[in-house]
Amino acid sequence: MASGTTAPPPPASLPRIVAASLIGTTIEWYDFFLYGSAAALVFNKVFFPDSDPLVGTLLSFLTYAVGFAARPLGALVFGHYGDRLGRKKLLVLSLVMMGGATFAIGLLPTHATVGSAAPVLLTTLRLVQGFALGGEWGGAVLLVSEHGDARRRGFWASWPQTGAPAGQLLATGVLSLLTGVLSDDAFGRWGWRIPFLLSGLLVLIGLWIRLSVDESPVFKEALERSESRRTAEPGRLPLVSVLRDHWRDVLVAMGARMAENIGYYVITAFVLVYATDSAGVSKQSALNAVLIGSAVHFAVIPAWGALSDRVGRRPVYLLGAAGVGLWMFPFFALVDTGSFGYLVLAVTVGLVLHGAMYAPQAAFFAEMFATRMRYSGASIGAQFASVAAGAPAPLIATALLEDYGSSTPIALYVIAAAVLTLVAVSVARETRHRDLARIEAGDGERADARAAAGARTV
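In this report, we go over the structure that sits alongside the text. (Residues numbered from 1 in each chain as written. Predicted model: local features only at pLDDT ≥ 70, side-chain atom pairs only at ≥ 80, totals over all residues. Heavy atoms only, no water.)

### Remarks on the overall build of the protein
And then number 1: Check the secondary structure of the protein and you find 20 helices and zero strands.
And then number 2: Relative to its 458 residues, the protein shows a buried fraction of 59%.
And then number 3: Contacts in the protein between residues far apart in sequence, at least 24 positions, make up 86% of those at least 6 positions apart.
And then number 4: Accessible surface computed for the protein: about 16,400 Å², of which carbon and sulfur atoms make up 68%. (Helix = DSSP H or I, 4+ residues; strand = E, 2+ residues; numbered from the N terminus. Buried < 20%, exposed > 50% of the residue type's maximum accessible area, 1.4 Å probe, protein only. Contact = heavy atoms within 4.5 Å. Areas by Shrake-Rupley, 256 points an atom, 1.4 Å probe, with all protein chains shown as cover.)

Written as structure tokens, this is what we have:
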């Protein structure tokens, strides 16, 4: 019988594993966010030129939302094989799929060249992006979570989470540079393609790093243990096991994602539309504000993750959800001033508060599920929520702006999401003391009891 606790990796290997996860998630999020920024700035003109400008923006955001629709399917497929074959193989595949689709977008003919076939091709490639990202997140955070120990898991697992602001930073930075040095006409004709084509080089770098790391030791131990027992459990589909033994945790994860996902896309994607169309801010200024906010976001995520190791995942997450909800009215009031400084303040504070949810999320979700269904459980909980949360967020916000001509309904929309998240996390169990190698199907309550007993003896 395998030992109860997996030996931690040598000290030098954990930073390398974190770096491999981080570079991969950065590239994948770069690809994904690049599309969102381009949808707000140029796709309405390049792929939907016959529409009213705001309607064209709605249509481009609709293709943006399609990527989210494919993420649950990616979560199911990658989760299934990730729980059967291991985390590393699926992470390599997701990186290749995402990078290939993004590179192909940079080569797409426009509406002026091939007519309605252009948005169809764009939508198809967006589906591939979403499918790949649906499988990327779970594998990346698990590879780190399962290599470390519980004492600093929140800190180390938060580093792959910084791939989101790093990808946003990279995507927005490249677009900001291009819009700064190119005329609007040149950017609309060919300049927007450059950041998509750049993805090809980034993927090669990511593959070189990601192929150099080892498989998760917790997964290898669980695989050996299940094979030695020869029970019926290994033959059951991970999805079936998740829904049977961890359905409550899946619902908690989905609820926890509401404020985090909706708030993020309103603050970083929709703000590009709102600031330029309603507040009279230039595209360059709006991009620069998101750029600065993303840099601060990147810096604070590990700090929030470390705090979750000290006080727990739930208190930090609850603070972030409440903060994002309370910040929405000040956020739009600051953007409405048209001042670049206030715009930077609005975006930066919003992202700092968002980081309090996003940082502990990786460890929090990983600690909910047993090893042989952890990839499936964490991915399903995270990605199914994204269909109802992040996917329609810019679309709903843009539609509310068109219908009401005011930011108030949009702020209320984010506040409602924050309330849902507060309820979900409030009813969740604290997980920071759990040993990932010891969690078995359906034993969350027993794990909590052991953790509480251990804490009382310290």
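Read on for the rest.
### Topic: the packing of aromatic side chains
And then number 1: Evaluation of the coordinates by the stated rule reveals 17 aromatic pairs.
And then number 2: With a centroid separation of 6.0 Å and 55° between ring planes, the pair formed by Tyr317 and Phe364 is classed as tilted. Of the two residues, Tyr317 is situated in helix α15 (residues 313-336) and Phe364 in helix α16 (residues 340-366); the sequence distance between them amounts to 47 residues. Grouping residues by exposure puts Tyr317 and Phe364 together as buried.
And then number 3: Pairing Phe331 with Phe332 gives two aromatic rings, centres 5.0 Å apart and planes at 85°, and the pair type is edge-to-face.
And then number 4: Residue classification places Phe331 among the buried positions, given a relative accessible area of 0%.
And then number 5: Site record: aromatic cluster; members linked through ring pairs are Tyr35, Phe43, Phe47, Trp192 and Phe196.
And then number 6: When the ring centre of Tyr35 is taken as reference, the NZ or CZ atom of Arg126 above it lies at 4.3 Å. (Phe/Tyr/Trp six-rings, centres within 6.5 Å; stacked < 30°, edge-to-face > 60°. Lys NZ or Arg CZ within 6 Å of the ring centre and 35° of its normal.)

### Focus on the side chain of Ser407
And then number 1: Note on placement: Ser407 falls in the loop between α18 (393-404) and α19 (408-426).
And then number 2: Leave out the neighbours within four places in its chain, and Ser407 touches Tyr274, Phe332 and Asp336.

### Some thoughts on the packing of helix α6 (residues 117-145) against helix α17 (residues 374-388)
And then number 1: Close contact between α6 and α17 brings their axes to 9 Å; oriented N to C, the two are set at 125°. Relative to α17, α6 is oriented oblique. In this structure, α6 meets α17 at a crossing whose hand is right-handed. For the pair α6 and α17, the contacting residues are Leu133, Gly134, Gly135, Trp137, Gly138, Gly139 and Leu142 in the first and Arg374, Tyr375, Ala378, Ser379, Ala382 and Gln383 in the second.
And then number 2: Considering only residue class, the contact of α6 with α17 consists of six nonpolar, six polar and one charged. (Axes fitted to C-alpha atoms, helices over the stretch in contact; angles between N-to-C directions. Parallel < 35°, antiparallel > 145°, perpendicular 65-115°, else oblique. Left-handed = near helix turned anticlockwise from the far one by under 90°. Nonpolar A, V, L, I, M, F, W, Y, C, P; charged D, E, K, R; others polar.)

### Digging into the nonpolar core
And then number 1: Of all hydrophobic cores here, the largest spans 137 residues; its most connected members are Phe43 and Phe331.
And then number 2: Per-element tally for this core: the top contributor is helix α13 (residues 247-277), with 18 residues.
And then number 3: When near neighbours in sequence (up to four residues on either side) are disregarded, Phe331 contacts Ile267, Val271, Ala346 and Val347. (Core = buried A, V, L, I, M, F, W, Y, C linked by side-chain atoms within 4.5 Å.)

### Examining the environment of Gly338
And then number 1: Relative to the elements of secondary structure, Gly338 occurs in the loop between α15 and α16.
And then number 2: On a C-alpha basis, the gap between Gly338 and Ala279 in space is 5.2 Å, while along the polypeptide they are 59 residues apart.
And then number 3: Beyond its immediate stretch of four places on either side in the chain, Gly338 contacts Ala279 and Val281.

### Considerations on the side chain of Thr398
And then number 1: Counting through the fold element by element, Thr398 comes out in helix α18.
And then number 2: Owing to a relative accessible area of 0%, Thr398 belongs among the buried residues under this scheme.

### A look at the pattern of salt bridges
And then number 1: Across all of its chains, the model carries 11 salt bridges by this definition.
And then number 2: Taking the shortest distance from any N to any O, the salt bridge between Glu146 and Arg374 comes out at 2.9 Å. With Glu146 in the loop between α6 and α7 (153-161) and Arg374 in helix α17, the pair connects residues that are 228 residues apart, well separated along the chain.
And then number 3: Owing to a relative accessible area of 0%, Arg374 belongs among the buried residues under this scheme.
And then number 4: Across the pair Arg153 and Glu367 runs a salt bridge whose closest N-O atoms are separated by 2.8 Å. (Salt bridge = Lys/Arg side-chain N within 4 Å of Asp/Glu carboxyl O.)

### Brief notes about the environment of Arg314
And then number 1: Within the secondary structure, Arg314 is located in helix α15.
And then number 2: Through-space distance from the C-alpha of Arg314 to that of Gln361 is 9.5 Å; in sequence the pair is 47 residues apart.
And then number 3: If near-sequence neighbours (up to four positions away) are discounted, Arg314 is found in contact with Phe364, Val425, Ser426, Ala428, Arg429 and Glu430.
And then number 4: Among the polar contacts listed, one links the side chain of Arg314 to the backbone oxygen of Val425, at a separation of 3.0 Å. (Polar contact = N/O pair within 3.5 Å; in protein donor to acceptor, adjacent residues only side chain to side chain.)

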